[in-house]
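Structural overview for review
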Amino acid sequence: MASPSPRSPAQPKHILSNTGWNMLGRIAPIFVALLVTPKLIHLLGLSRWGVFSIALSLVGTFGIFDFGLGRALTRTIADRATDEPDEETADVTLTGIITLTVFGVIGGLIAAVAVAFWVHHGLKIPPELERQTTIALWVLCATAPLVMANAAMWGVMTAFQAFRAANLVNIPISIMYYLGPLLALLVWNNLIGVMLVLAACRLWMTVSYLKICLRLMPQIRTARARPRLLAPLFRIGGWMTVSNIAYPVLNYMDRFMIASVISAAATSYYTTPADVVGRFSLLTNAVTGSAFPAFAASWRRDVETTVVLYRTSVLTIQALLFPVCLFAALFSHPLLALWIDPSFAAQSSTIMKFLCLGVFISGVDSIAAGFLDGIGRPDASAKLSIGEFLVYTPLLYICLVRFGVIGAAFAWALRMTLDFVVRSWVSLRLYRPLGAAIRRIMPAAVVGFLALVASLVEMPLSVAALAFVALSAVFYGVLWFGCMDASERGAFMRFPGVVMAKLGRSRAASAN
């Protein structure tokens, strides 16, 4: 199932192909999540559901202990895209995987100590849930070494563009992330059982990823861990470390602050639509996962290809994200009322609208972030994250105090918008040829932003339906005629057929 070692930098057509596999791996489990989430909320209750959603966010904070090595490892392997893996590359890979696993152990211990303090002194939950919550979060902290090892091995697979093999593994595991907790609750109505199921899923993923990495790079079997090889990775990942610390803190600060300033129950009104809208970023990750190693492999060798890769990646994200964000924003109230209940929708529909706006802008911005890392300038993103933290923290607190949970959604959307503007400007300053690509993507970005701002207005269902059709027509008209060239239009037209053909070949290969 594994893809062969890449012999040349990825081309724009590979972005679309890899995106297809990443979409399949990330979108398929969403349908299970939509069916399971209402039942989970019912079984857990608002307080425990709020804790559960925060616990899942805690997994993202384990990236703090990555020290930039995971992404640096991807870049190092991808930068040798025209070479067969040699002994030193295998040694670097093994050393990176082992080192990140050790970091995971240390990070898990630190997180466990912090969790105990936070549950008893910071989190506002009923006293009878404190012990259950503490033990459940400790179980999750114990998975930190697996999370870090998985991140390192995902970096290896990404560098080799092995998206098909990786996503065929991810689909059943991702489904169990949602179905497993529900089954556990039917047997044992306790958060501890839920976290044990999630831990088992992490272990399953670790074993599967290791098998793929050994097929991609058999040299790992005889490789040696050589700590001295970490020095170049640390030089590359030094500034990435700052981003790894700042990004999860910025990304999940709103949830933790809502729970501390207002209540854990109020967090549910934010985290539930945030988790739904956050799934849209799976479309973004499907593209950025392929774009980052492609940038790393091409930016020095082929400037023209790099510019086309950037433009194609952003246009792909815009085309994929806009309809789902617009639909979810326009119909946020009826969707939440049907999915959860009308009283919940009354509290969360406006929050969902702002989050849809932020997710669209964040998706476009993610390509610029990956580009800066790919060309070896993670310091630019890190400095931007530091500036964001200094501005966003007081802004979020003020908006929460003055406007409640809706204020948190507004603050997040505003941060995403400013982030996109500043990062695009920085990318252009550091890589002048990118100017042509940025000029081509801006019309669709602006039209998409304005359409989602318009969707903040509450409308009757009939008006919202007409608005969806009209705004979609305008957006895709601008995207198709104002942003794409002839070759890109042809590639997008062929994209579904290419994905279906590869799926057919995969099924035939499995049958044989």
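Residues numbered from 1 in each chain as written. Predicted model: local features only at pLDDT ≥ 70, side-chain atom pairs only at ≥ 80, totals over all residues. Heavy atoms only, no water.

Here is the rule: UniProt positions are given in the numbering used here, feature names are shortened, and annotations may be inferred rather than shown by experiment.
As named in an unreviewed UniProt entry, the protein is Flippase, taken from Acetobacter sacchari. Database annotation for the protein, UniProt heading Subcellular location (unreviewed entry): "Cell membrane".

1. Looking at the overall build of the protein
We count it as follows: Going along the chain from the N terminus, every DSSP run of H or I of four or more residues is numbered as a helix, and every run of E of two or more is numbered as a strand. Between buried and exposed lies partly exposed: a residue is buried under 20% and exposed over 50% of the maximum accessible area for its type, with that area taken using a 1.4 Å probe on protein chains only. In these tables, accessible area is a Shrake-Rupley quantity obtained with a 1.4 Å probe, and a residue counts as shielded only by the protein chains included in the view.
When its secondary structure is counted, the protein shows 18 helices and zero strands. By residue count, 58% of the 512 residues in the protein fall in the buried class. Carbon together with sulfur atoms contributes 70% to the accessible area of the protein, which is approximately 20,700 Å² in total.

2. Re a nonpolar patch on the surface
To keep it simple, the criterion reads: Residues forming no salt bridge and having over 30% relative accessible area are the ones grouped into patches, like charges within 9 Å of each other and nonpolar side chains (Val, Leu, Ile, Met, Phe, Trp, Tyr) within 5 Å. Put simply, a salt bridge is a Lys or Arg side-chain nitrogen that is within 4 Å of an Asp or Glu carboxyl oxygen.
A cluster of nonpolar side chains, contributed by Ile98, Val102, Val105, Ile106, Leu109 and Ile110, occupies part of the molecular surface with about 520 Å² of accessible area. Following the sequence through the fold, Val105 ends up in helix α3 (residues 87–121).

3. Notes on the packing of helix α11 (residues 303–330) against helix α13 (residues 342–374)
Note the following rule: Axis lines are fitted through C-alpha atoms, for helices just across the contact stretch, and the angle between N-to-C directions can take any value from 0 to 180 degrees. These descriptions rest on fixed angle ranges, namely under 35 degrees for roughly parallel, over 145 for roughly antiparallel, 65 to 115 for roughly perpendicular, and the rest for oblique. By definition, residues are in contact when any of their heavy atoms lie within 4.5 Å.
Put simply, α11 and α13 touch, their axes get as near as 9 Å, and they point 170° apart. Considering their axes alone, α11 and α13 lie roughly antiparallel with respect to each other. Where α11 abuts α13, its residues Thr306, Tyr310, Ser313, Val314, Ile317, Gln318, Leu321, Phe322, Cys325, Ala328, Ala329 and Leu330 lie against Met352, Lys353, Cys356, Val359, Phe360, Gly363, Val364, Ser366, Ile367, Ala368 and Phe371.

4. Focus: the nonpolar core
Basically, it comes down to this: Here, nonpolar core refers to any group of buried Ala, Val, Leu, Ile, Met, Phe, Trp, Tyr and Cys residues whose side-chain atoms link them within 4.5 Å.
Ranked by internal contacts, the top residues of the largest apolar core, which has 152 residues, are Met157, Tyr270 and Tyr310. With 15 residues, α13 is the largest single contributor of residues to this core. Leaving out residues up to four positions away in the same chain, Tyr270 has contacts with Asp254, Arg255, Ile258, Ile351, Leu355, Val405, Ala408, Ala409 and Trp412.

5. Points about the confidence of the model for the protein
Convention followed: By definition, pLDDT measures how confident the predictor is in each residue, and it falls between 0 and 100.
Here the protein averages 82 in pLDDT, and 84% of its residues register 70 or above. Between the elements of the protein, mean pLDDT differs from a low of 61, seen in helix α18 (residues 486–511), to a high of 94, seen in helix α17 (residues 461–483). Taken together, the stretch residues 1–9 has pLDDT below 50 and engages in 31 contacts with residues farther than four places along the chain or on a different chain.

6. A few points about α17
Put simply, the rule is: Expected helix span is taken as 1.5 Å per residue step, with the number of steps being one fewer than the number of residues.
Given a rise of 1.5 Å per residue, 23 residues ought to cover 33 Å, and the 31 Å separating the end C-alpha atoms of α17 matches this to within 8%. Buried residues of α17: Ala464, Ala467, Ser472, Phe475, Leu479 and Cys483, and no others.

7. Some remarks on the environment of Asp254
Rules: Polar contact is the term for a pair of N or O atoms within 3.5 Å; when the atoms are in protein, one must be able to donate a hydrogen and the other to accept it, and sequence-neighboring residues count only if both atoms are side-chain atoms.
Mapped onto the secondary structure, Asp254 falls in helix α8 (residues 230–261). On the basis of relative accessibility, which here comes to 2%, the residue Asp254 falls in the buried class. As a C-alpha pair, Asp254 and Val405 span 151 residues in sequence and 9.1 Å in three-dimensional space. Filtering out sequence-adjacent residues up to four positions away, Asp254 remains in contact with Tyr270, Tyr392, Leu396 and Trp412. Within the structure, Asp254 has its side chain in polar contact with the side chain of Tyr270 (distance 2.6 Å).

8. Details of the pattern of salt bridges
Enumeration over the complete set of coordinates arrives at seven salt bridges. Between Arg423 and Asp365 there is a salt bridge; the shortest N-O distance is 3.0 Å. Taken together, the residues span a long stretch of sequence, with Arg423 in helix α15 (residues 405–430) and Asp365 in helix α13 at a distance of 58 residues. For the residue pair Arg423 and Asp365, the accessibility class agrees, reading buried in each case. Here Lys383 makes a salt bridge to Asp379, at a shortest N to O gap of 3.9 Å.

9. Focus: the packing of aromatic side chains
Where we set the bar: When the centres of two rings from Phe, Tyr and Trp lie within 6.5 Å, Trp using its six-membered ring, the rings pair. Their planes under 30 degrees apart give stacked, over 60 give edge-to-face, and anything left gives tilted. Look at NZ for Lys and CZ for Arg. If either is within 6 Å of the ring centre and within 35 degrees of the ring normal, a charge sits over the ring.
This model, assessed by the stated rule, comprises 14 aromatic pairs. Between the aromatic rings of Phe295 and Tyr310, the centroid separation amounts to 6.2 Å while the plane-to-plane angle is 35°, which identifies the pairing as tilted. Here Phe295 is found in helix α10 (residues 281–298), whereas its partner Tyr310 is found in helix α11, with 15 residues between them in sequence. Given a relative accessible area of 1%, Phe295 falls into the buried group. Accessibility expressed as a relative area gives 1% for Tyr310, which makes it buried. Clustering of aromatic rings is evident, with ring pairs tying together Phe295, Tyr310, Phe371 and Tyr431. Stacked on the ring of Tyr392, the Lys or Arg Arg415 has its end atom at 4.8 Å from the ring centre.

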